[in-house]
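# A closer look at the structure
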Amino acid sequence: MTYEEFIAKAIRGRSVNSLAKAWGIPQTSLSNYSLGKTLPDFSTALLLAREAGMEEAEVFRLLAREDARRKKEKGRIKQPLEKLLPSFDLLLRTANTCWIRIRRVAQ
């Protein structure tokens, strides 16, 4: 089961706003979990596990796999960006130097 399937199973097509009120958690937090923007904390994960009818250990393993997947994906994105960073910094410094010179001439 994927993280998205787990969240869908817990929510079961119900309104995020009404569930957040019923469960006593911020609506924005539950919305972020359902959209896959963030992962739930431990207490919310337990609540979602009960709502989905799943074993707590199974849910924690699922969340650990999802967290690892996200970190790996973030690493794949970060590596190419780190290679570009020195060139980008040089470009910004050059642009800033040109801007300073243009402002001096314009005065």
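The paragraphs below set out a description of the structure included in this document.

How each quantity is defined
- Residues numbered from 1 in each chain as written.
- Predicted model: local features only at pLDDT ≥ 70, side-chain atom pairs only at ≥ 80, totals over all residues.
- Heavy atoms only, no water.
- Patch = residues over 30% accessible without salt bridge, like charges linked within 9 Å, V, L, I, M, F, W, Y side chains within 5 Å.
- Areas by Shrake-Rupley, 256 points an atom, 1.4 Å probe, with all protein chains shown as cover.
- Salt bridge = Lys/Arg side-chain N within 4 Å of Asp/Glu carboxyl O.
- Helix = DSSP H or I, 4+ residues; strand = E, 2+ residues; numbered from the N terminus.
- Axes fitted to C-alpha atoms, helices over the stretch in contact; angles between N-to-C directions.
- Parallel < 35°, antiparallel > 145°, perpendicular 65-115°, else oblique.
- Left-handed = near helix turned anticlockwise from the far one by under 90°.
- Contact = heavy atoms within 4.5 Å.
- Nonpolar A, V, L, I, M, F, W, Y, C, P; charged D, E, K, R; others polar.
- Phe/Tyr/Trp six-rings, centres within 6.5 Å; stacked < 30°, edge-to-face > 60°.
- Buried < 20%, exposed > 50% of the residue type's maximum accessible area, 1.4 Å probe, protein only.
- Lys NZ or Arg CZ within 6 Å of the ring centre and 35° of its normal.
- Core = buried A, V, L, I, M, F, W, Y, C linked by side-chain atoms within 4.5 Å.

### Let's talk about a nonpolar patch on the surface
Taken together, the side chains of L85, F88, L91 and L92 define a hydrophobic patch exposed on the protein surface, amounting to about 400 Å² of accessible area. Counting through the fold element by element, L91 comes out in helix α5 (residues 56-106).

### What about the packing of helix α1 (residues 3-11) against helix α4 (residues 42-52)?
Think of two packed helices as two axes; the pair is described by the angle between the axes and how far apart they sit. Following both chains from N to C, one finds α1 and α4 inclined at 70 degrees, their axes separated by 7 Å at the closest point. Between α1 and α4, the crossing angle belongs to the class labelled roughly perpendicular. Note that α1 runs across α4; the crossing there is left-handed. For the pair α1 and α4, contact is made by F6, I7, K9 and A10 and by A45, L48, A49, E51 and A52, respectively. Taken together, the residues of the contact of α1 with α4 sort by class into seven nonpolar, no polar and two charged.

### Some details on the packing of aromatic side chains
Tallied over the entire structure, the rule returns one aromatic pair. Their ring planes at 55 degrees and their centres at 5.7 Å tell us that F42 and F60 sit as a pair that is tilted. Highlighted residues: F42 in helix α4 and F60 in helix α5, separated in sequence by 18 residues. A relative accessible area of 65% places F42 in the exposed class. Accessibility expressed as a relative area gives 28% for F60, which makes it partly exposed. The lysine or arginine in question, R70, covers the ring of Y3, its NZ or CZ lying 5.3 Å from the ring centre.

### Quick word on the packing of helix α2 (residues 16-23) against helix α3 (residues 27-35)
The N-to-C vectors of α2 and α3 enclose an angle of 125 degrees; their axes lie 8 Å apart at closest approach. In terms of their interaxial angle, α2 and α3 are classed as oblique. Here the hand of the crossing between α2 and α3 comes out right-handed. Residue-level inspection shows V16, N17, L19, A20 and W23 of α2 in contact with α3, the latter providing Q27, L30, S31 and S34. Broken down by class, the residue content of the contact of α2 with α3 amounts to five nonpolar, four polar and no charged.

### Focus on the pattern of salt bridges
It is possible for side chains bearing opposite charge to pair when their charged atoms get close. One pass over the full model with this rule turns up five salt bridges. Here R14 and E51 are joined by a salt bridge, their closest N and O atoms 2.9 Å apart. Of this pair, R14 sits in the loop between α1 and α2 while E51 sits in helix α4; the two residues are 37 residues apart in sequence, bridging distant segments of the chain. With relative accessibility at 23%, the residue E51 sits in the partly exposed group. In this structure, a network of salt bridges that share partners links the residues R12, R14 and E51.

### Focus on the nonpolar core
Counting residues in hydrophobic clusters, the biggest one holds 21 residues, and the most contacted among them are Y3, F6, I7, W23, L30 and V59. Those elements that provide at least two residues to this core are α1, α2, α3, α4 and α5. Residues within four places of F6 in sequence aside, it is in contact with M1, A45, L48, A49, A52, M54, V59 and L62.

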